[in-house]
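# Notes for the structure review
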Amino acid sequence: ELKMFLVKNHLGPSAIHGIGVIVDEEIRKGQVVWVFDNRFDQTFTTQEVSSLPEIVQDYIKRSGWQDKRTGMHYLGGDNDTHVNHSPDATMTESLEDFNILVAARDLKVGDELTHNYTEFTSEQDFTDKNLSLIYCKYCGKNHSADLVC
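Residues numbered from 1 in each chain as written. Predicted model: local features only at pLDDT ≥ 70, side-chain atom pairs only at ≥ 80, totals over all residues. Heavy atoms only, no water.

Attention now moves to the overall build of the protein chain. Counting its secondary structure elements, the protein chain contains three helices and 12 strands. Every one of the 149 residues in the protein chain was classed for burial, and the buried ones make up 41%. Pairs at least 24 apart in sequence give 63% of the contacts found in the protein chain among residues at least 6 apart. Accessible surface, the protein chain: about 8700 Å² in total, of which carbon and sulfur atoms supply 51%. (Helix = DSSP H or I, 4+ residues; strand = E, 2+ residues; numbered from the N terminus. Buried < 20%, exposed > 50% of the residue type's maximum accessible area, 1.4 Å probe, protein only. Contact = heavy atoms within 4.5 Å. Areas by Shrake-Rupley, 256 points an atom, 1.4 Å probe, with all protein chains shown as cover.)

As structure tokens, then:
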């Protein structure tokens, strides 16, 4: 079975928001946790998303993300659609490839897999997900209000 999460996980209650992705095994800092694979995950251009029925567009906006670097819309094929945002995320992008997520620190069974959405998502995507962006006087970028530079 092809899974793009490369660690054992399940969906469970999140302390952040609703349902989250909970790890079922110990994970070491730097270990590859998730990999984009177009055999499993999907990408759409903005034009393709716009051509879909409104209910499908809403699902892609809610469950997927629009990458600020490529402009493409991504929709994962496994539990990654339930990864919650955290400024103190447990996953971060690999320095070699932004389509690979690695553990930001050692994780134990029961920890929630989270991602700092500001690493990859567009400002419009933040607006669509009702996440607030502020201008940071320290780094000169717009990012989530709960991110501390």
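With that settled, consider the packing of aromatic side chains. The final tally for this structure, using the stated rule, is three aromatic pairs. For the pair F36 and Y74, a centre-to-centre distance of 5.3 Å together with 80° between the ring planes defines the contact as edge-to-face. A residue pair is termed long-range when its members are at least 10 positions apart, and F36 in the loop between strand 3 (32-35) and strand 4 (42-44) and Y74 in strand 6 (residues 73-75) qualify at 38 residues. You'll find F36 and Y74 in the same group, each marked buried. Arranged with centres 5.3 Å apart and planes meeting at 5°, the rings of W65 and Y74 form a pair that is stacked. Comparing W65 with Y74, the two get one shared label, buried. Feature note: the residues W34, F36, W65 and Y74 constitute an aromatic cluster, connected by ring pairs. (Phe/Tyr/Trp six-rings, centres within 6.5 Å; stacked < 30°, edge-to-face > 60°.)

Among the five residues in strand 2 (residues 19-23), four count as buried, and that is most of the element. Here five bridges tie strand 1 (residues 9-13) to strand 2, and the two strands are oriented antiparallel to one another. Residue N9 lies in a different strand from strand 2, and its bridge partner there is V23. Remark: five residues form the turn of the hairpin made by strand 1 and strand 2, two consecutive strands paired antiparallel; G18 in that turn has positive phi of roughly 55°. Sheet analysis places strand 2 next to strand 10 (residues 112-115), joined by two bridges and oriented antiparallel. In the sheet register, I22 faces strand 10, and the bridge partner there is E112. (Pairing = 2+ DSSP bridges.)

Tracing the sequence through the fold places Q57 in helix 2 (residues 54-63). At 2.6 Å, the side chain of Q57 and the backbone oxygen of L52 are in polar contact. Setting aside residues up to four positions removed in sequence, Q57 forms contacts with V49, S50 and L52. (Polar contact = N/O pair within 3.5 Å; in protein donor to acceptor, adjacent residues only side chain to side chain.)

In this structure, F5, I27, V33, W34, M91 and L113 are the most contacted members of the largest nonpolar core, which totals 19 residues. Elements supplying a minimum of two residues to this core: strand 2, strand 3 and strand 9 (100-103). Leaving out residues up to four positions away in the same chain, V33 has contacts with M4, F5, L6, V7, I27, M91, L101, V102, A103 and L113. (Core = buried A, V, L, I, M, F, W, Y, C linked by side-chain atoms within 4.5 Å.)

With that settled, consider the pattern of salt bridges. Across all of its chains, the model carries six salt bridges by this definition. Linking K108 and D111 is a salt bridge whose minimum nitrogen-to-oxygen distance equals 3.2 Å. Judged by relative accessible area, which is 53%, K108 ranks as exposed. Here the salt bridges share partners, and the residues they tie into one network are D67, R69 and E93. (Salt bridge = Lys/Arg side-chain N within 4 Å of Asp/Glu carboxyl O.)

As a further point, take the side chain of N84. Among the secondary structure elements, N84 is positioned in strand 7 (residues 84-85). Only 3.1 Å separates the side chain of N84 from the side chain of S14, close enough to count as a polar contact. A polar contact is formed between the side chain of N84 and the backbone oxygen of H17, at a distance of 3.2 Å. When residues no more than four places from it in sequence are discounted, the contact partners of N84 are S14, I16, H17, I19, G20, E112, L113, T114, H115 and Y117.

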